[in-house]
Amino acid sequence: MKKIIFIGIITLFAMACNHETDYSPREVNYDRDVCAQCLMGIADQPWAVQAINSYGEVLWFDDIGCLHEYMKGDGWKKFTENKKVQIWVGDSGHKGKWLDATKAYYHFGDHTPMGYGYSAVETPNDSTFTFDQTMKRIDEGKTMRESFLKEHKMMGKGKK
């Protein structure tokens, strides 16, 4: 009898430790999900990005450029712990649809929440970029960010 109880406890323990992470895209909670980089509320799903780590924790970003900036810091290293991370990006062509960010293609020239100018699409064409190309272009400053910041300074505080 003790042997059966012991085997049962070991089985339950093994099942608890063998938890598989749910990497499927989550729904945006517009009243509480904020960008991990700029701390703005997530307002537009077609440009939103979500990263899910091996513990099932989610980081939200309101623009692919914010993800890019966050990936350069210690917060990203701590979040990933060099383990699997699934990144989803909103499909700008189909509201409510999520694409694997590393397999999506990016169109440049759109007005995005933080002004980086890249929106994800599922199908490539002659004017789209891969995820890696997009990250490199942002590194090189090939964004709409400068004009975005100028525009918002003119509209905000400190206008003379």
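Read on for an overview of the structure. None of the values given here were measured: they were computed from a predicted structure.

Cut-offs used in this document
- Residues numbered from 1 in each chain as written.
- Predicted model: local features only at pLDDT ≥ 70, side-chain atom pairs only at ≥ 80, totals over all residues.
- Heavy atoms only, no water.
- Disulfide = S-S within 2.5 Å.
- Core = buried A, V, L, I, M, F, W, Y, C linked by side-chain atoms within 4.5 Å.
- Buried < 20%, exposed > 50% of the residue type's maximum accessible area, 1.4 Å probe, protein only.
- Helix = DSSP H or I, 4+ residues; strand = E, 2+ residues; numbered from the N terminus.
- Lys, Arg positive; Asp, Glu negative; His and termini not counted.
- Salt bridge = Lys/Arg side-chain N within 4 Å of Asp/Glu carboxyl O.
- Contact = heavy atoms within 4.5 Å.
- Pairing = 2+ DSSP bridges.
- Axes fitted to C-alpha atoms, helices over the stretch in contact; angles between N-to-C directions.
- Phe/Tyr/Trp six-rings, centres within 6.5 Å; stacked < 30°, edge-to-face > 60°.
- Lys NZ or Arg CZ within 6 Å of the ring centre and 35° of its normal.
- Polar contact = N/O pair within 3.5 Å; in protein donor to acceptor, adjacent residues only side chain to side chain.

### Details of the state of the cysteines
And then number 1: Under the definition given, this model contains zero disulfides.
And then number 2: Between Cys-66, a free cysteine, and Cys-35, which holds the nearest cysteine sulfur, the sulfur-to-sulfur gap is 3.8 Å.

### A word on the nonpolar core
Looking at soluble globular proteins, one finds that nonpolar side chains tend to be buried together.
And then number 1: With 32 residues, the main nonpolar core has Phe-61, Ile-64, Leu-67, Val-89 and Tyr-106 as its most contacted residues.
And then number 2: Elements with a minimum of two residues in this core: strand 1 (49-52), strand 2 (58-61), helix 2 (64-71), helix 3 (74-80), strand 3 (86-90), strand 4 (98-100), strand 6 (118-121) and helix 4 (131-139).
And then number 3: With four residues, the single largest contributor to this core is helix 2.

### Considering the side chain of Asp-62
And then number 1: Within the fold, Asp-62 resides in the loop between strand 2 and helix 2.
And then number 2: One buried charged side chain, Asp-62, makes no salt bridge at all; its nearest oppositely charged neighbour is Arg-145, positioned 8.1 Å away.
And then number 3: Sequence-distant contacts of Asp-62, defined by excluding residues within four places in its chain, comprise Cys-35, Cys-38, Met-40, Gly-41, Ile-42, Trp-47, Ala-48, Pro-113 and Met-114.

### Topic: the sheet that holds strand 1
In sheet architecture, strand pairing relies on hydrogen bonds along the backbone and comes in two forms, parallel and antiparallel.
And then number 1: On the basis of which strands lie adjacent, the open sheet formed by four strands has the order 2-1-3-4 and antiparallel pairing. Sheet topology places strand 2 and strand 4 at the edges, where each strand pairs with a single neighbour. Going across the sheet, the axis of each strand differs from the next one's by a mean of 25°, ignoring polarity.
And then number 2: Where strand 1 meets strand 3, four bridges bridge the pair, whose relative direction is antiparallel. Along strand 3, the bridge assignment pairs Val-49 with Val-89.
And then number 3: Sheet strands in contact with helix 2 are strand 1, strand 2 and strand 3, and its direction is about 125° off that of strand 2.

### Focus on the packing of aromatic side chains
And then number 1: On inspection of all chains with the given rule, the structure shows six aromatic pairs.
And then number 2: Geometrically, the ring pair formed by Tyr-106 and Phe-131 is tilted, given 6.3 Å between the ring centres and 55° between the ring planes. In this pair, Tyr-106 sits in strand 5 (residues 105-108) while Phe-131 sits in helix 4, placing the two residues 25 residues apart along the sequence. Comparing Tyr-106 with Phe-131 shows no difference in burial state: the two are buried.
And then number 3: Taking the ring centre of Phe-108 as reference, the NZ or CZ of Arg-137 above it sits at 5.4 Å.
And then number 4: In this structure, Arg-137 is placed above the aromatic ring of Phe-129, and the distance from its NZ or CZ to the ring centre is 4.1 Å.

### Quick word on the pairing of strand 3
And then number 1: Of all five residues in strand 3, five are buried; the element is thus mostly enclosed.
And then number 2: Residues Gln-86, Trp-88 and Gly-90 line one face of strand 3 and the alternating positions Ile-87 and Val-89 line the opposite face, and both faces are buried.

### Points about helix 2
And then number 1: Across the eight residues that make up helix 2, a large majority, six, are buried.
And then number 2: Among the residues of helix 2, those classed as buried are Ile-64, Gly-65, Cys-66, Leu-67, His-68 and Tyr-70.
And then number 3: At the N-terminal end of helix 2, a side-chain oxygen is found 2.9 Å from the backbone nitrogen of Gly-65, two or three residues along, and the residue is Asp-63.

### Looking at the pattern of salt bridges
And then number 1: On inspection of all chains with the given rule, the structure shows seven salt bridges.
And then number 2: A salt bridge links Lys-77 to Asp-74, with the shortest nitrogen-to-oxygen separation between them at 3.8 Å. Residue Lys-77 and its partner Asp-74 are located together in helix 3, separated by three residues, close to a single helical turn.
And then number 3: A salt bridge links Lys-150 to Glu-146; the shortest N-O distance between them is 3.4 Å.

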